[in-house]
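# Summary of structural features
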Amino acid sequence: MIAVNEQEKERGVRHPLQQRRTTVLITVAVLLIIGATASLMIGSVTFSFTEIVNGLFSSADTLERRIIWELRLPRLLIGLIVGMCLATSGAILQGIMRNPLADPGIIGVSSGAGLAATVIMILFPAYIMLLPAAAFLGALVTALVIYAMSWRGGTSAVRIILVGVAVNAVIGACMSALMLLYSDRVQSVLPWLAGGIAGAGWVQFGTIIWYSLAALVLAIFAIPHIRILRLGDEVAKLLGHKVERSRFYLIVMSTLLAGIAVSVSGLIGFVGLVVPHIMRSLVGGDHRFLLPASALGGALLVVVADTVARTVFSPIELPVGILLSFLGGPFFLYLIQKRRDSFADS
């Protein structure tokens, strides 16, 4: 009888949590649709919802059709992909490192991708089509170096952050030296370094769409690996799980996602930190729900931030990376303060 009562209580606890998860996913999806629609409507030329529908589906050569198909729609789609990739990458990194402060930008993965992409743009502009592959390789090498240097029989939040800061400093010095040596070619790289999707079109979309679809699908298969690794290496090994193989696979997935985003948007930071943390507080730490919630939340954040950045400060178009840094920096300080307080109380 006691066992039956406890099972009923457990079902009672799971049921509202399951309801909340479903509600959060549906709410974020609806907000994403609303944000995407607003992104198409708002700009230097504002359209009504009816004009947006006509511009999307009418074959007539109208002003709204030209603006939507040539400017706003590809930018919107790229923003969706960038947000999904960065947030999913952050959720995977935080899962395998068991560290809520892990983020592709903070620990240096995005900087590694940025350095590789900068080398292609400055030194080998004829091979610009290799930009996604170069960004991925740069992110992967950086992630492996950081993880190896922070390993002392295991990883810790402090070591990862410290090593990431050091690697970021070295990469920053390399990028500064590169721009000084080739100062005549820097002008085209500076907007990319600030982070943004202004000027992104169908060419950039065609460059990353298949990479991103493949990476996001493979990330779904990474969920069981993350859930087991979150139990700890020792428990995972006792369960017969190949820990190092899973960790390598997850690092490859995370860096591939970050590299795809960086290759078209530049150094947009804090999406991979802020979104998974917020979604974890809403849906819990189970990556079966956290990963899709983070992907939707990341897409929503980037699309809304890009819309704000290109309209609120008109006639100046603020790079979305700068706006997100203004938002993400204080949030990161809040997380550090919160963790310090929890350590002091324990």
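For the structure, see preceding data.
A brief structural summary.

## Remarks on the overall build of the protein chain
A count of helices and strands for the protein chain gives 14 helices and zero strands. Reading the secondary structure of the protein chain in the N-to-C direction produces α-α-α-α-α-α-α-α-α-α-α-α-α-α. The globule rule puts the C-alpha radius of gyration for 346 residues at 20 Å, and the 21 Å found for the protein chain is close to it. Projecting the C-alpha coordinates of the protein chain onto the three principal axes gives extents of approximately 70 × 50 × 35 Å. Residues counted as buried form 49% of the 346 residues belonging to the protein chain.

## Focus on the packing of helix 4 (residues 109–123) against helix 5 (residues 131–149)
Here helix 4 crosses helix 5 at 140 degrees, and the two axes come no closer than 7 Å. Relative to helix 5, the element helix 4 lies oblique. The crossing of helix 4 and helix 5 is right-handed. Along the contact surface, helix 4 presents Val109, Gly112, Ala113, Ala116, Ala117, Ile120 and Met121, while helix 5 presents Leu131, Ala134, Ala135, Gly138, Ala139, Thr142 and Ala143. Looking at the contact of helix 4 with helix 5, its residues break down into eleven nonpolar, three polar and no charged.

## Remarks on the environment of Leu216
Structurally, Leu216 can be placed in helix 8 (residues 202–221). Separated by 176 residues in the primary sequence, Leu216 and Leu40 have C-alpha atoms spaced 25 Å apart. If we ignore the near neighbours within four places in the chain, the residues touching Leu216 are Met84, Thr88 and Leu257.

## So, helix 5
Compared with an ideal rise of 1.5 Å per residue, which puts 19 residues at 27 Å, helix 5 spans 27 Å between its outermost C-alpha atoms and is within 8% of the ideal. Buried residues of helix 5: Leu131, Pro132, Ala134, Ala135, Phe136, Gly138, Ala139, Leu140, Thr142, Ala143, Ile146 and Tyr147, and no others.

## Details of the pattern of salt bridges
According to the stated counting rule, one finds five salt bridges in the structure shown. Of the charged contacts, one joins Arg75 and Asp306 as a salt bridge, the two residues approaching to 2.8 Å between their closest N and O atoms. Taken together, the positions of Arg75 in helix 3 (residues 63–97) and Asp306 in helix 13 (residues 287–311) put the pair 231 residues apart, joining distant regions of the chain. In this structure Arg75 comes out as buried when scored by relative accessible area, which is 11%. Salt bridges sharing common partners tie together Arg75, Asp306 and Glu317.

## A look at the packing of aromatic side chains
In this structure the tally under the stated criterion is two aromatic pairs. Relative to Phe205, the ring of Trp202 has its centre 5.6 Å away and its plane inclined at 85 degrees; by these criteria the two rings are edge-to-face. Of this pair, Trp202 and Phe205 both sit in helix 8, three residues apart, roughly one helical turn. By relative accessible area, Phe205 is classed as buried at 17%. One aromatic cluster in this structure is built from Trp69, Trp202 and Phe205.

## What about the nonpolar core?
Nonpolar side chains in soluble globular proteins tend to be buried together. Formed by 95 residues in total, the largest nonpolar core has its most connected members in Ile92, Met97 and Val271. The element that contributes the greatest number of residues to this core is helix 3, accounting for 16 residues. Beyond its immediate stretch of four places on either side in the chain, Ile92 contacts Ala219, Ile226, Leu250, Met253, Ser254, Leu257 and Leu291. Grouped together as the second largest cluster of nonpolar side chains are nine residues, Phe270, Leu273, Val274 and Leu335 included.

## Observations regarding the side chain of Arg75
In terms of polar contacts, Arg75 uses its side chain to reach the side chain of Glu317, at 2.7 Å. Those residues in contact with Arg75 that lie beyond four places of it in its chain are Ile197, Ala198, Ala200, Asp306, Arg310 and Glu317.

Cut-offs used in this document
Residues numbered from 1 in each chain as written. Predicted model: local features only at pLDDT ≥ 70, side-chain atom pairs only at ≥ 80, totals over all residues. Heavy atoms only, no water. Helix = DSSP H or I, 4+ residues; strand = E, 2+ residues; numbered from the N terminus. Rg over C-alpha atoms; globule rule 2.2 N^0.38 Å. Buried < 20%, exposed > 50% of the residue type's maximum accessible area, 1.4 Å probe, protein only. Axes fitted to C-alpha atoms, helices over the stretch in contact; angles between N-to-C directions. Parallel < 35°, antiparallel > 145°, perpendicular 65-115°, else oblique. Left-handed = near helix turned anticlockwise from the far one by under 90°. Contact = heavy atoms within 4.5 Å. Nonpolar A, V, L, I, M, F, W, Y, C, P; charged D, E, K, R; others polar. Expected span 1.5 Å × (residues − 1). Salt bridge = Lys/Arg side-chain N within 4 Å of Asp/Glu carboxyl O. Phe/Tyr/Trp six-rings, centres within 6.5 Å; stacked < 30°, edge-to-face > 60°. Core = buried A, V, L, I, M, F, W, Y, C linked by side-chain atoms within 4.5 Å. Polar contact = N/O pair within 3.5 Å; in protein donor to acceptor, adjacent residues only side chain to side chain.

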